[in-house]
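Observations on chain architecture
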Amino acid sequence: MDAISTKSLTLAYGEENIIKELDLAIPKGKITVFIGSNGCGKSTLLRSLARLMKPKNGSIVLDGNDIAHTSTKKIARNLAILPQSPVAPEGLTVLQLVKQGRYPYQNWFQQWSEKDEKAVNDALDVTGMVEFADRKVDSLSGGQRQRAWIAMTLAQDTDIILLDEPTTYLDLTHQIEILDLLYDLNQSEERTIVMVLHDLNLACRYADHIVAIHNKTIYKQGDPDTIITPELVHTVFGLQCQVACDPICGTPLCIPFSKGRHLKGVKQHVKSVNT
Ligand SMILES: Nc1ncnc2c1ncn2[C@@H]1O[C@H](COP(=O)(O)OP(=O)(O)OP(=O)(O)O)[C@@H](O)[C@H]1O
Ligand SMILES: [Mg+2]
């Protein structure tokens with residue numbers, strides 16, 4: 001079964017089509033990663049799936065219903081989105097931001113509950129943001145700010161989580177931590193995760209399903225082992241590379257050719273630390 005699907009979806013800014021007649025099925029309970037070059041329409045597509053953008057043509061189906069006819073709160077109880085480069089209102093603290101994630105559960109009759117409190121505290125905890133809870137979002141470093149937004153997205157506690165480049169600004173340790181966290185949510189709670197990632201090697205490690213976007217549509221999709229080839233990387237990114245085997249995970253590892261340094265003689269570069 002599909003978590004979200006699109007039928008003949010066309011997305012445009014003014015007269016310019018960005019995505020054209022796209023039929024996409026996001027598998028339920030899996031991790032799907034969109035890849036593609038800058039400006040190919042990944043963010044536009046992701047935003048449209050959360051109804052932050054109205055299609056020019058076609059439809060998007062979430063939980064069996066066309067999202068054009070679904071209430072905003074119902075969508076927000078099913079699906080959370082972390083957009084690319086979000087901006088918080090000036091002066092907002094991390095705690096206030098993360099609490100906004102609970103907005104879909106609030107109404108006249110249901111005020112702030114213990115469940116809301118727990119969701120917020122858990123989200124702060126797993127993203128390592130407890131110590132920053134009272135800090136203003138605009139006073140944080142890029143990576144801390146990104147983690148605050150991820151916390152808000154997680155506090156929404158939805159079955160489907162969309163994240164646009166969630167690892168931007170994060171150091172390598174925090175990149176792996178956040179991706180491991182999303183992987184755990186997927187494995188233990190069968191949440192459907194849809195992400196845009198630029199790091200192909202991390203995409204191959206974490207994705208069950210990769211969707212490569214090119215020329216306003218899907219160039220190829222499927223599991224990383226099958227679809228990630230030098231030919232795909234060349235077509236989609238215009239880059240020559242070798243595809244090797246990730247020595248840790250066994251997933252495809254793209255090694256780009258470059259004009260810079262070349263191998264002089266045969267060297268053994270594998271180093272590891274015993275912990
Ligand atoms: N608000 C907008 N108005 C007009 N054009 C836009 C708007 N937002 C994006 N675009 C254009 O639409 C195209 C797709 O943009 P989008 O942000 O979806 O790309 P992307 O694949 O996410 O790129 P990146 O990897 O750089 O984040 C680009 O050519 C961009 O310039
Ligand atoms: Mg983008």
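In short, a report on the structure. (Residues numbered from 1 in each chain as written. Chains lettered and ligands numbered in written order. Predicted model: local features only at pLDDT ≥ 70, side-chain atom pairs only at ≥ 80, totals over all residues. Heavy atoms only, no water.)

Glancing now at the pattern of salt bridges. Counted by the stated rule, this structure contains 6 salt bridges. Between Asp 116 and Arg 102 there is a salt bridge, and its shortest N-O distance comes to 2.8 Å. Remark: Arg 102 occurs in the loop between α3 (94-100) and α4 (114-126) and Asp 116 occurs in helix α4; sequence separation between them is 14 residues. Per residue, the accessibility class of Asp 116 equals that of Arg 102, and both read buried. Among the charged side chains, a network of salt bridges with common partners joins Asp 157, Glu 189 and Arg 191. (Salt bridge = Lys/Arg side-chain N within 4 Å of Asp/Glu carboxyl O. Helix = DSSP H or I, 4+ residues; strand = E, 2+ residues; numbered from the N terminus. Buried < 20%, exposed > 50% of the residue type's maximum accessible area, 1.4 Å probe, protein only.)

What follows is about the sheet that holds strand β10 (residues 217-222). The strand order across the open sheet built from 6 strands is β6-β7-β8-β3-β9-β10, with neighbouring strands paired in mixed fashion. Each of the sheet's edge strands pairs with one partner strand only, and the pair in question is β6 (79-82) and β10. Averaged over neighbouring strand pairs, the angle between their axes works out to 15 degrees when direction is ignored. For strand β3 (residues 31-35) and strand β9 (residues 209-214), the ladder comprises 4 bridges, and the chain directions are parallel. Within β9, the residue paired with Thr 32 across the bridge is His 209. Against the sheet, helix α5 (residues 142-155) touches β6 and β7 (160-164), its axis set at about 170 degrees to β6. Contacting β3, β9 and β10, helix α9 (residues 230-237) runs over the sheet at an angle of about 155 degrees to β10. (Pairing = 2+ DSSP bridges. Axes fitted to C-alpha atoms, helices over the stretch in contact; angles between N-to-C directions. Contact = heavy atoms within 4.5 Å.)

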